[in-house]
Amino acid sequence: MVTLLHSLIGQRGVEALAFLLAFVLTALMTSLFRDRLPQDHGRAFAVNGEQSRGKARGSGLIFVLCIALVSLAFLPFQPEFVIYTALLIASMLSGYLDDASEQAWNEYKKGLIDFAIAALAGITYLNFNGCGVSFLQRSFTLPYPVYLLLIIILIWASINVVNCTDGVDGLSASLAIVSIGTFAVGYAQELGAYVTAAAVFAGSLLAYLWSNAKPSSVLMGDAGSRAMGFFLALLALKSGHPFAFLLAALVFILDGSLGILKISLKRFLHIWILKNTLTPLHDHVRKKMGWSDEQVVTRWVILQCMASAVLLILIGRA
């Protein structure tokens, strides 16, 4: 079926068709099943957190399953991609079970699950792709244990910074579309069939944004944000340029990592930093600087577009 489509409409046509199908399927499934999702309890610790009370949460369950179905239908069958799809669903399910729980999971439990998913993904990647790494125009080979450790750090960090950035209507999904598009445009040759997977992911996220645009009626929850973080790290790996993640997901890193760093230093080393800074940063600029939600989304997306443009210039494909 995929081969026939390639012969009829070409690779770009297949990507466009997969994109459209992902959008339509996600929109349809969201409209059918949103009322069956758990309701958000509101977050007293977050800026404007009470505004989310009563909204359908955990929509990541819907769009990740749609992404998995469409991707497996449009991509050539490869054991490596099947494993990644299973891990994508696992990262989504770990978030969804937390979304649906009356009491939030503790950070150690979630961290252990993230570590297991990252380790399995790292072993899978190295088994199928080897230890070669590219940085701009240079290529080199890392020792297996070193690269595996770096992959685990990359995936774990990506899952968590994206999760922390999900706190404003339309924010994390909009940023993810820009970051996914950056990899798809900048590393299309290296990604190969994974460009189709990127198109599928972007199509589903746009359908989700239809309901998540302010004022939102549906929230992705940890189910969606954790899966997005996993997929972004996967694109960085499959591009062969994992360090590109630093620019392709720069706003996620800046917005989400400060909170992780602040809490980690306080808890484990009893070091207090950024005492007057709310984290994530999207809470700080809303509370301390008076930005509206719409300003946060627009300005964060603009900043990510600028960072992505710098990356494309550096790799000579702007």
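Cut-offs used in this document
- All residue numbers here refer to positions counted from 1 along the written sequence of the relevant chain.
- Local features in this predicted model are restricted to residues of pLDDT 70 or higher, and side-chain atom pairs are both shown and tallied only at a pLDDT of 80 or more, whereas totals for entire chains, interfaces and linings draw on every residue.
- Computation of side-chain values covers all heavy atoms of the structure but excludes hydrogens and water.
- UniProt positions are given in the numbering used here, feature names are shortened, and annotations may be inferred rather than shown by experiment.
- Strands are runs of DSSP state E lasting at least 2 residues, helices are runs of H or I lasting at least 4, and numbering of each runs from the N terminus.
- Whether two residues touch is decided by their heavy atoms; if any such pair falls within 4.5 Å, the residues are in contact.
- For helices, the fitted axis covers only the stretch in contact; all axes are lines through C-alpha atoms, and the angles between them, taken along N-to-C directions, range from 0 to 180 degrees.
- Any angle from 65 to 115 degrees is called roughly perpendicular, while one under 35 is roughly parallel, one over 145 is roughly antiparallel, and all others are oblique.
- Two helices that cross are described as forming a left-handed crossing if the nearer one is turned anticlockwise from the farther one by less than a right angle, and a right-handed crossing if clockwise.
- Each residue gets one label: Ala, Val, Leu, Ile, Met, Phe, Trp, Tyr, Cys and Pro are nonpolar, Asp, Glu, Lys and Arg are charged, and the others, such as Gly, are polar.
- What makes two strands pair is DSSP finding at least two bridges between them.

Taking an unreviewed UniProt entry as the reference, the protein chain is identified by name as Phospho-N-acetylmuramoyl-pentapeptide-transferase belonging to Candidatus Faecalibacterium intestinavium. Recorded under Cofactor (unreviewed entry), the UniProt text for the protein chain is reproduced unchanged: "Mg(2+)". Looking at the protein chain in UniProt, the text filed under Subcellular location (unreviewed entry) is "Membrane".

*Asks:* When you look at the UniProt feature "binding site: Mg(2+)" (unreviewed entry) in the protein chain in this model, what are you seeing that I'm missing?
*Replies:* Per the UniProt record, "binding site: Mg(2+)" (unreviewed entry) is annotated on Asn163 and Asp222. The annotated residues occupy 60 residues of the chain but converge on a single region, no pair of C-alpha atoms lying more than 6.4 Å apart. Within the secondary structure, Asn163 sits in helix H5 (residues 144-165). Contact partners of Asn163, with chain neighbours within four places excluded, come to Asp222, Ser225 and Arg226. Mapped onto the elements, Asp222 comes out in helix H9 (residues 221-238). When residues no more than four places from it in sequence are discounted, the contact partners of Asp222 are Arg57, Gly95, Asp98, Asp99, Lys110 and Asn163.

*Asks:* Can you help me understand the packing of helix H6 (residues 171-186) against H9 in this one?
*Replies:* What describes two packed helices is the angle between their axes and the distance between those same axes. H9 packs onto H6 with a crossing angle of 15° between their chain directions and a minimal axis gap of 10 Å. Relative to H9, the element H6 is oriented roughly parallel. In terms of crossing hand, the pair formed by H6 and H9 is left-handed. From H6, Ser172, Ala173, Ala176, Ser179, Ile180 and Phe183 reach across to H9, where they touch Met228, Phe231, Leu232, Leu235 and Ala236. Residue classes in the contact of H6 with H9 are distributed as 9 nonpolar, 2 polar and no charged.

*Asks:* I keep staring at the pairing of strand S2 (residues 132-135) and nothing clicks. Help me out?
*Replies:* Pairing analysis gives 4 bridges linking S2 to strand S3 (residues 138-141), with the strands arranged antiparallel. By the bridge assignment for S3, Ser134 is matched with Ser139. Connecting the antiparallel pair S2 and S3 is a turn made up of 2 residues, with Leu136 showing a positive phi of about 55°.

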